Amino acid sequence: MGESVSLAGRAAVVTGAGAGLGRSEALSLAAAGAAVVVNDMGDAAHAVAEEIVAAGGQAIAVTGDVSDWSLGGRLVEESVKAFGSFDILVNNAGIIRDKMIFNLTESDWDDVIRVHLKGHAATSHAAAVHWRAASKETGGPVYGRVINTSSEAFLFGSAGQPNYSAAKAGITALTLSTAQGLSRYGVTANAICPRARTAMTAQAFGEADSATAGLDPLAPERVGTLVSYLASPASHEINGQVFVVYGKMVALMAAPKVENRFDAAGSAFTVEELDEQLSSYFTGRGQYETYAAYSIAELEKAALAID
């Protein structure tokens, strides 16, 4: 493995790493040479840590709920205690409680926002405190990488996932804020929007086609490879970015652009003037011509066309 993408001597924390995407990401980081703190709620975390060690890598399991604010600090502390450093944070832990907005309960909302958004914030806070202190102590930049897990749901505003979509939009904004706030210390933060066949997405994607040769187009391992790269020294100039990743594709998202601007004739709009300008502009506008990024769906055919 080339030095620029090697993670030898680095230590990573991966949340929700007991199965699915998190497990694949932990294994990918370990394969690149990183020591890994495997976090999840139960015994699955220990199983993945043991799998890494059995393959010749370094890993420990730290169980706990990421929405417990204090766990973030404990994950950082355990990384430093076990491996002598903490360099990479991969936030992956999440749950789903899919409901249409008219069926959504308070607990459906609170649980998803708590695990996804608060969970990302808790660990990001702890990581930021650690890296900022380390930078101040040495008087220079440190090595720090944050890879957050967003979703295309925030781009589409999925009808059956108002809680999940909102959480993922929040995670994207958190990533941008983290990228700006920590860049002065040498830390980068980026978000990925992955598609992968896991237990959490079983209803959406079903089972892999047994007739398909080679690696499943929606295999979590494909996402793990991008995570390993974003955690590496080679990615040092990539910061505050959002990537869509699945199949044989990694797509870089662009920032939103202003479509049109409406100006008042005087110092402020009247309702009649808004009616005159906006109503005529939106007359006959298509149902899907909204802020939602439906055009991203056009990536799917090429991304999943595995040779």
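Each remark here, short or long, concerns the structure printed above.
Report on the accompanying structure. (Residues numbered from 1 in each chain as written. Predicted model: local features only at pLDDT ≥ 70, side-chain atom pairs only at ≥ 80, totals over all residues. Heavy atoms only, no water.)

1. Quick word on the environment of His236
Which entries qualify depends on this criterion: Numbering of helices and strands runs from the N terminus, with a helix taken as a DSSP run of H or I at least four residues long and a strand as a DSSP run of E at least two residues long. Each residue is assigned to one of three classes by its accessible area relative to the maximum for its type, calculated with a 1.4 Å probe on protein chains only: buried under 20%, partly exposed between the two thresholds, exposed over 50%. Contacts were defined at the residue level, with two residues in contact if any of their heavy atoms lie within 4.5 Å.
By the element assignment, His236 lies in the loop between helix H8 (220-230) and strand E7 (242-246). For His236, a relative accessible area of 52% translates into the label exposed. Separated by 172 residues in sequence, His236 and Gly64 have C-alpha atoms that sit 31 Å apart. Beyond its immediate sequence surroundings of up to four residues, His236 is in contact with Arg145 and Thr188.

2. Examining the pattern of salt bridges
When the charged atoms of two side chains lie near each other, side chains of opposite charge can form a pair. Here is the rule we go by: Here a salt bridge means any side-chain nitrogen of Lys or Arg lying within 4 Å of a carboxyl oxygen belonging to Asp or Glu.
With the rule as written, the count across this model stands at seven salt bridges. In this structure, the salt-bridge partner of Asp108 is Lys99, at a minimum N-O distance of 2.9 Å.

3. Remarks on the side chain of Asn148
The condition that has to hold: The definition of a polar contact used here is a pair of N or O atoms within 3.5 Å, where within protein one atom must be able to donate a hydrogen and the other to accept one, and adjacent residues in sequence count solely through side-chain atom pairs.
Tracing the chain through its elements places Asn148 in strand E5 (residues 144-149). For Asn148, a relative accessible area of 0% gives the class buried. Side chain to side chain, Asn148 and Thr175 meet in a polar contact 2.9 Å long. Residues in contact with Asn148, not counting those within four places in the same chain, are Asn91, His120, Ser124, Ile171, Thr175, Asn190, Ala191 and Ile192.

4. Some words on the sheet that holds strand E8 (residues 249-252)
Rules: At least two bridges found by DSSP between two strands is the condition for calling them paired. Angles here are taken between N-to-C directions and fall from 0 to 180 degrees, while the axes themselves are lines fitted to C-alpha atoms, restricted in helices to the stretch in contact.
Strand order in the open sheet made by the eight strands is E3-E2-E1-E4-E5-E6-E7-E8, with mixed pairing throughout. Edge positions in the sheet fall to strand E3 (59-63) and E8, since each of these pairs with one other strand and no more. Each strand axis lies, on average, 20° off the axis of its neighbour in the sheet, ignoring direction. Of the strand pairs in this sheet, strand E1 (residues 11-14) and strand E4 (residues 88-91) are connected by three bridges, and their pairing is parallel. If you follow Ala12 over to E4, its bridge partner there is Ile88. Its contacts with the sheet put helix H6 (residues 162-182) on E5, strand E6 (187-194) and E7, and the angle it makes with E6 is roughly 160°.

5. Concerning the pairing of E1
To keep things clear, this is the line we draw: Classification remark: right-handed applies to a crossover when, strands pointing away from the viewer, the course from the first strand over the helix to the second runs clockwise.
The side-chain alternation of E1 yields two buried faces, one formed by Ala11 and Val13 and the other by Ala12 and Val14. Strand direction decides the pairing type here: E1 and strand E2 (residues 35-40), joined by four bridges, are parallel. Considered in E2, the bridge of Ala11 is made with Ala35. In this fold, the crossover linking E1 to E2 by way of helix H1 (residues 20-31) has right-handed handedness.

Nothing here speaks to function; it is all geometry.
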